[in-house]
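# Coordinate inspection notes
Each chain, letter by letter, is given below.
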Protein chains: 2
Amino acid sequence: MSQYQIKFMPENRVIEVAHGTSLLSAAAKAGITVKSGCGGKGTCGACKVVVLSGDPIIEGTGNLTPEQLSKGIRLACKTLIQGDMTIEVPPESRLQEHQVLLGDVQKGLLQESEHDLLDKFGRHPLARKQRISLSKPTLTENSSDWSRLSIELRRVLQTGEKPIHIPLSVLKHLPELLRKANWDVSITMTDTEAGLTITHIEQGNDIPPYGVAIDIGTTTVVVYLVNLITGEIVDQQGTYNKQAKYGDDVITRIVYAVEREQNLIEIRDAVVETVNGLLDKILARQSLSSKDISSAVVAGNTTMTQLFLGVDPRYIRLEPYIPTMTTAPSYPARELGLHMLPEALVHSYPSVASYVGGDIVAGTLVTDLASGEDIILFIDIGTNGEIVLGNQDWLVACACSAGPSFEGGGITFGMRAMPGAIERIFVDPKTLDVSLKVINNQTPVGICGSGLVDCIAKLLSAGIIDRAGNFQLEHKSGSQRLRATADDKQFVLAWAHQAGGEKDVVITENDIKNVIRAKGAIYAGIRSLLNMVAVDIEMISRIIIAGGFGNYLNIHDSVQIGLLPDLEPERFEFVGNASVKGARLALLSQNAWREAEELGRKMTYVELSVGATYMDEYMAALFLPHTDMSLFPSFQ
Amino acid sequence: MSQYQIKFMPENRVIEVAHGTSLLSAAAKAGITVKSGCGGKGTCGACKVVVLSGDPIIEGTGNLTPEQLSKGIRLACKTLIQGDMTIEVPPESRLQEHQVLLGDVQKGLLQESEHDLLDKFGRHPLARKQRISLSKPTLTENSSDWSRLSIELRRVLQTGEKPIHIPLSVLKHLPELLRKANWDVSITMTDTEAGLTITHIEQGNDIPPYGVAIDIGTTTVVVYLVNLITGEIVDQQGTYNKQAKYGDDVITRIVYAVEREQNLIEIRDAVVETVNGLLDKILARQSLSSKDISSAVVAGNTTMTQLFLGVDPRYIRLEPYIPTMTTAPSYPARELGLHMLPEALVHSYPSVASYVGGDIVAGTLVTDLASGEDIILFIDIGTNGEIVLGNQDWLVACACSAGPSFEGGGITFGMRAMPGAIERIFVDPKTLDVSLKVINNQTPVGICGSGLVDCIAKLLSAGIIDRAGNFQLEHKSGSQRLRATADDKQFVLAWAHQAGGEKDVVITENDIKNVIRAKGAIYAGIRSLLNMVAVDIEMISRIIIAGGFGNYLNIHDSVQIGLLPDLEPERFEFVGNASVKGARLALLSQNAWREAEELGRKMTYVELSVGATYMDEYMAALFLPHTDMSLFPSFQ
Ligand code: FES
Ligand SMILES: [Mg+2]
Ligand SMILES: [Mg+2]
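Residues numbered from 1 in each chain as written. Chains lettered and ligands numbered in written order. Predicted model: local features only at pLDDT ≥ 70, side-chain atom pairs only at ≥ 80, totals over all residues. Heavy atoms only, no water.

### As for the overall build of chain A
In terms of helices and strands, chain A carries 18 helices and 29 strands. In terms of overall size, chain A behaves like a compact globule, its C-alpha atoms giving a radius of gyration of 27 Å where 636 residues would be expected to give roughly 26 Å. Seen through its principal axes, chain A has C-alpha atoms that stretch 100 × 70 × 45 Å. Counting every position in chain A, which comprises 636 residues, the buried fraction comes to 61%. Considering only intrachain contacts with a sequence separation of at least 6, the fraction spanning at least 24 residues in chain A is 66%. (Helix = DSSP H or I, 4+ residues; strand = E, 2+ residues; numbered from the N terminus. Rg over C-alpha atoms; globule rule 2.2 N^0.38 Å. Buried < 20%, exposed > 50% of the residue type's maximum accessible area, 1.4 Å probe, protein only. Contact = heavy atoms within 4.5 Å.)

### So, the packing of aromatic side chains
The geometry of an aromatic ring pair is captured by the separation of the ring centres together with the interplanar angle, meaning the angle of the planes. Residue and element names in this part refer to chain B. Evaluation of the coordinates by the stated rule reveals ten aromatic pairs over all chains. Taking 6.3 Å as the distance between ring centres and 65° as the angle between the ring planes, the aromatic pair formed by Tyr321 and Tyr355 counts as edge-to-face. Separated by 34 residues along the polypeptide, Tyr321 in the loop between α9 (302-309) and β16 (331-332) and Tyr355 in the loop between β17 (345-348) and α11 (358-366) bring together distant segments of the chain. Using a relative accessible area of 22% as the deciding quantity, one classes Tyr321 as partly exposed. Classification of Tyr355 by relative accessible area gives buried; the value is 17%. Both rings, one in Tyr523 and one in Phe632, keep their centres 5.2 Å apart while their planes meet at 40°; by these two values the pair is tilted. (Phe/Tyr/Trp six-rings, centres within 6.5 Å; stacked < 30°, edge-to-face > 60°.)

### A few points about the side chain of A:Asn263
Note that A:Asn263 resides in helix α8 (residues 261-286). Ignoring any residue separated from it by four or fewer positions in sequence, one finds A:Asn263 in contact with A:Tyr256 and A:Ala257.

### Considering the relation of the copies chain A and chain B
For the pair chain A and chain B, the relating rotation is 180°, the translation along its axis is 0.1 Å, and the fit reaches an RMSD of 0.2 Å. Here the two chains are linked by the operation of a two-fold rotation axis. For chain A, the minimum C-alpha distance to the rotation axis belongs to A:Ala194 and amounts to 2.4 Å. Same-surface contact between copies: 100% of interface residues of chain A are shared with the interface of chain B. (Least-squares fit on C-alpha atoms with pLDDT ≥ 70 in both.)

### Observations regarding the sheet that holds strand β10 (residues 184-192) of chain B
All names here are of chain B. Strand order across the open sheet formed by four strands is β8-β10-β11-β9, with mixed pairing between neighbours. The outermost strands of the open sheet, each flanked by one partner alone, are β8 (127-133) and β9 (164-165). Bridge analysis of β9 against strand β11 (residues 195-203) gives two bridges, and the strand direction is parallel. Pairing of His165 across the sheet is with Thr197, part of β11. Along the sheet, helix α4 (residues 145-157) makes contact with β8, β9, β10 and β11, crossing β8 at roughly 115°. (Pairing = 2+ DSSP bridges. Axes fitted to C-alpha atoms, helices over the stretch in contact; angles between N-to-C directions.)

### Structural notes on the packing of helix α16 (residues 578-588) of chain B against helix α17 (residues 590-602) of chain B
Residues and elements named next belong to chain B. Remark: α16 packs on α17, axes separated minimally by 5 Å, with the N-to-C direction vectors making an angle of 125°. Classified by the angle their axes make, α16 and α17 are oblique. On α17, the residues that touch Leu585, Ala586 and Leu588 of α16 are Gln590, Ala592 and Trp593. For the contact of α16 with α17, the per-class residue count stands at five nonpolar, one polar and no charged. (Parallel < 35°, antiparallel > 145°, perpendicular 65-115°, else oblique. Nonpolar A, V, L, I, M, F, W, Y, C, P; charged D, E, K, R; others polar.)

### Considering the interface of chain A and chain B
Of the residues lining the interface, 48 residues belong to chain A; the matching set on chain B comes to 48 residues. Between chain A and chain B lies a buried interface of about 4,100 Å² when both sides are counted; carbon and sulfur atoms form 63% of it. At the junction of chain A with chain B, the criterion picks out four salt bridges. In this structure, A:Glu176 engages B:Arg314 in a salt bridge whose closest nitrogen and oxygen atoms are separated by 3.4 Å. (Buried area = accessible area lost by both parts, 1.4 Å probe. Salt bridge = Lys/Arg side-chain N within 4 Å of Asp/Glu carboxyl O.)

### Thoughts on the sheet that holds strand β13 (residues 220-227) of chain A
Residues and elements named next belong to chain A. Strand order in the open sheet formed by six strands is β14-β13-β12-β15-β17-β16, and the pairing between neighbours is mixed. Two strands close off the open sheet at either side, each with one partner strand: β14 (233-240) and β16 (331-332). Across seven bridges, the pairing between strand β12 (residues 210-216) and β13 is antiparallel. Along β13, the bridge assignment pairs Ile214 with Val223.

### With respect to α9(B)
All names here are of chain B. A large share of α9 lies buried, amounting to eight of its eight residues. Every buried residue belonging to α9 is among Thr302, Thr303, Met304, Thr305, Gln306, Leu307, Phe308 and Leu309, and all of these are buried. The backbone nitrogen of Thr303 lies 3.1 Å from a side-chain oxygen of the residue at the head of α9, namely Asn301. Within two residues after α9, Gly310 carries a phi angle of roughly 75°, on the positive side. (Polar contact = N/O pair within 3.5 Å; in protein donor to acceptor, adjacent residues only side chain to side chain.)

### Description of unusual backbone geometry
Residues and elements named next belong to chain B. Geometrically, the link from Met9 to Pro10 is a cis peptide bond, its omega value of 0° lying close to zero. With respect to the helices, strands and loops of the structure, Pro10 is situated in the loop between β1 (3-9) and β2 (13-18). Cis geometry marks the peptide bond from Leu624 to Pro625, where omega comes out at -5°. The residue Pro625 is located in the segment after α18 (613-620) in this model. In this structure, Asn182 is a non-glycine residue whose phi angle is positive, near 55°. Along the polypeptide, Asn182 turns up in the loop between α6 (174-180) and β10. A positive phi is found at Ala534, a non-glycine position, where the angle reads about 55°.

### Examining the environment of B:Tyr355
Residues and elements named next belong to chain B. Separated by 216 residues in the primary sequence, Tyr355 and Arg571 have C-alpha atoms spaced 26 Å apart. In contact with Tyr355, not counting residues within four places along its chain, are Val250, Ile251, Thr302, Ile316, Arg317, Tyr321, Asn384, Glu386, Ala399 and Tyr605. Reaching out from Tyr355, the side chain makes a polar contact with the backbone oxygen of Ile316 at a distance of 2.8 Å.

### Observations concerning the side chain of A:Thr508
All names here are of chain A. When you line up the elements, Thr508 lands in strand β26 (residues 505-508). Here Thr508 falls in the buried class, since its relative accessible area comes to 4%. Reaching out from Thr508, the side chain makes a polar contact with the side chain of Asp488 at a distance of 3.0 Å. Sequence-distant contacts of Thr508, defined by excluding residues within four places in its chain, comprise Thr412, Phe471, Asp488, Lys489 and Gln490.

### What to know about the confidence of the model for chain A
Residues shown with low pLDDT carry predicted positions that ought not to be read at fine detail. In the predicted model, chain A carries a mean pLDDT of 91, and 96% of its residues have values of at least 70. Here residues 101-113 of chain A scores under 50 on pLDDT; set against residues more than four positions off or in separate chains, the count is 35 contacts. (pLDDT = per-residue confidence, 0-100.)

### Some details on the domain arrangement of chain A
All names here are of chain A. Split into domains, chain A comes out as domain 1 (3-93), domain 2 (127-203), domain 3 (210-348) and domain 4 (368-636). If you average the C-alpha positions of domain 2 and of domain 3, the two centres end up 30 Å apart. At the interface, nine residues of domain 2 touch nine residues of domain 3. Between domain 2 and domain 3, roughly 740 Å² of surface is buried when both sides are summed, and carbon and sulfur atoms account for 66% of that area. Applying the counting criterion to the domain 2 and domain 3 interface returns zero salt bridges. Inspection of the domain 2/domain 3 interface yields one residue pair in polar contact (both at pLDDT 80 or more). Where the side of domain 2 that touches domain 3 is concerned, the elements lending two or more residues are α5 (168-172), β10 (184-192) and β11 (195-203). Sort the elements by how many residues they give to the side of domain 2 that touches domain 3 and β10 lands first, with three residues. Residue composition of the side of domain 2 that touches domain 3, by class: three nonpolar, six polar and no charged. (Domains from an automatic or database assignment.)

### Points about the environment of A:Gly37
By the element assignment, A:Gly37 lies in the loop between α1 (23-29) and β3 (48-53). Judged by relative accessible area, A:Gly37 falls into the buried class, the value being 15%.

Next comes the structure, spelled out in structure tokens:
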């Protein structure tokens, strides 16, 4: 097949690709990750590139304007190569590497309670290492190598009759190893339901065993390296999930994964590669070998977990929304392709249902939600909002589709919480003059989720929008910031010259409606759960918010727009990345792991699509803060 | 590298090989298996071929005579290709395919006792299959596929809290399968120490589960296909172990295996290929798929077991002779490369020591040796003679190196028990006229192990040899059959014209000394065990003989030459291939399998090289029948 040379700018990187390749794939091959929210279907418009030279096949132009087209802007996913080309990938179309939420918290609350939990459950890691010295065999003391070793191991560990399994790969090299090590060896093991599995035998040493806690989010992936003896988080690293190229949300990814058999493998490989990239970085930084990682616990939503294991995710998105498994067995790293000890077991967090996954069970565990009489509400706000309500006696959970607004998706100038993102806004109610707080104090380029919440609260306070989110163009200030365009109404947050670009940074009525739908979905989920168990808002003692977005959230704003229930600020708590913290806890405590499985079983999943309650609640929540103002006494 | 054309005759088959390839490898590539007892070291002389044209590099000629060399005869292993050639591979240098011992017995004794054992242990196969119908999930009955399945399976099988493991390969396709099968599925499982492992899930059907019993002998490999419901041996097949090309005995193979890392893989692949060849044949004949084989039990000596698993066998042959393991865990067929259900477990019979392996434990189990008060002696005669003595209270075992004589090795006209082999001989003591019984009544081409035993007994009776095995050239008959050559003395069993060849078929004094050493080794082993536990020969109630050679043995002859103890013929019994029978028993009965593990642990291995007893016994046994004639009253 013909090969063509494609040059990418400003990198000035040239690669060769075959006839018919899309610019999206070509960029990936050049190591440039172009955003693609719709998975390359030509609908999201995220993958804009500029064709500087060459004459490609145009399969589609989506919502590109004639003006954009005349400037050479094309959709990378729908532009196919049929000759040499030069392409520019503008910054806004690139998936930027930036520090993702690693679990640090603003209020520092969890750091303490987490330590309490480890004390509560007891430190007894899923994997351990034991140094053993054997006597040398003789003609009369001639039991086999494996008998000699296993008998001594049983004696030292006092394992009784528990089965001990030695994988073939370890057994194969046992004789040579024992003799080279002069019968002094370190044995790495994992405790499982079925017994003890030996995962590695090496020359005796005192390197501690390490484990990795892995949070596989739809958007980001975070890895903690944990010393299994001290419990310390030795290192941590996060990045974007490479599956993003197949779509922003789980549904788009499932659709892609089941299209062809090869796709499932491809999308699994993408997340495995993501995790391996993080592991490699950490290992290099800590001067450790992949063989030093003897255990992994993975927490992710149900789709992420199935895709990570390569398990057919098809029925997650088809009614009646059945996941393949809620408790996944543990598999050796070699079967999953992770850069760690090949025989080390990788444990996947149990989930509850197709849309309440292991990340939520991990959060429920790590926030100690189910251990007292107090009723606690746990919310993980992302593309999906997952909500758990309960105490030691009962637990209910649901999921509601909030859409990507809080992560910057579907918002004209939406972006993630990274340098350049507007996170706070102050509006003079008289003049509508604006001052902004931008992350890292940089020039504003867009607005992040917490900025949006703040912005809507301020627009409402200033009378720029009404309770339904409609712009009040006749605002008495007469400010030029408030204006109507051909297809929308908008408010200018930063003028082009302030934003250092060609365009004014604005928020549109459409953006506001999107956020209202998102916050309405979450509030309706909370109300549905409360109704279901006949609990009043006032009876909730604590509301714990997890997830990257929640971490930057202003509680007052959130209540004012009706995202969160109207309770005293003291009852709110941020937990940060509860998923990776729950994974760490399980790594370090077999009891915690058992409790996680118990929690998964105990939680009652409420399918919101059954019955009319949720829809009614949702409709009622499409106001700022709500149609029923009695629910928001502070703002009456 | 230069390639040359090598033509093999009489096949007229032409292949291309690289410069420097040995004729032995070239023949293998041409699909012609040339014998090579020494593993291609140029010492055994088994690989003779005739160079018809071409000018090879001669690396060695071993013990070829000038006459043979002048006829173009070369050692295939030490003849390297440096140009086109034409080669003839004579029949005597070919490893012939012939029916190998499949476990049939002459006296038909075991068929019955085996059934008794199955009744005794209870029929509860290592693998089973269960058909299950599930209710369809709904929005309210929305547990995961795997929960739905495992809960119903637990209910039907009443497994209680036993862990159930589902391999990743099965889990991956579970959702699609359940729906295609309309929730009616057949589940194949294996019971292990650690719980229940699911090995396959398929559309519901009533095909019974099958298992395979595999005897991996150093020389031959035998497979039984067993219906796990009825216990019936549905089919059976045997052939030579393809490892033969790396040497006839375990020591030569170990030496080869540890020479380079690649060799171990090569020699493992050879036996896996052998087993797969048998499986393929049986599956084709029975119109079954490899997926229908849901379990395997393998019995072999310790070296064969380690090589089959690819486990470093190095220390088996080095003092203090330590095997890597005596109980091997079970591994999935996919890890071993067997043509059966990929996740089906392959169980290896436990062994006792480096030279008392799983085949002997299998024999001990299947002969019910350890279940009564009677003292029983079990002997497996092959290249190694393995001996077990005991009853329900105690068991001792040893191994003695008998050498290959009984299998035709190291004997001038030695051959295996196959058509053309002399199996009985009658000598007129006056005239020394000979009449022969040849297998299949064909023209005699050589003499098999049982023929050798008979022959020596007859030569002794006729006064042709004395009790030390020396030829009595001055025999009063004056027969021309008795003669001396330049380097040996010999007796002609068949004249060249009778044998249809160029040479007289003879037995030499050297051959006789070899057999005496072999029988001496075994008898000394028996005596050493008896001494050890202070048991008199008379106290042995039964002597059970296993192995291919034993099956054709004449008891009277064997006692007369001092191979077997002098007891009434009624106390002897043949069991045939006890190894494969023991494998079948374990396949069908979990209790039998547990008993096998128990037997392995219970058996005390006696290392004959420790102390002087064995050497003394051996020296005393180098007479016909023995130096101490009081041990052989029937022949005094
Ligand atoms: S002499 Fe050639 S294989 Fe032994
Ligand atoms: Mg998350
Ligand atoms: Mg055998």
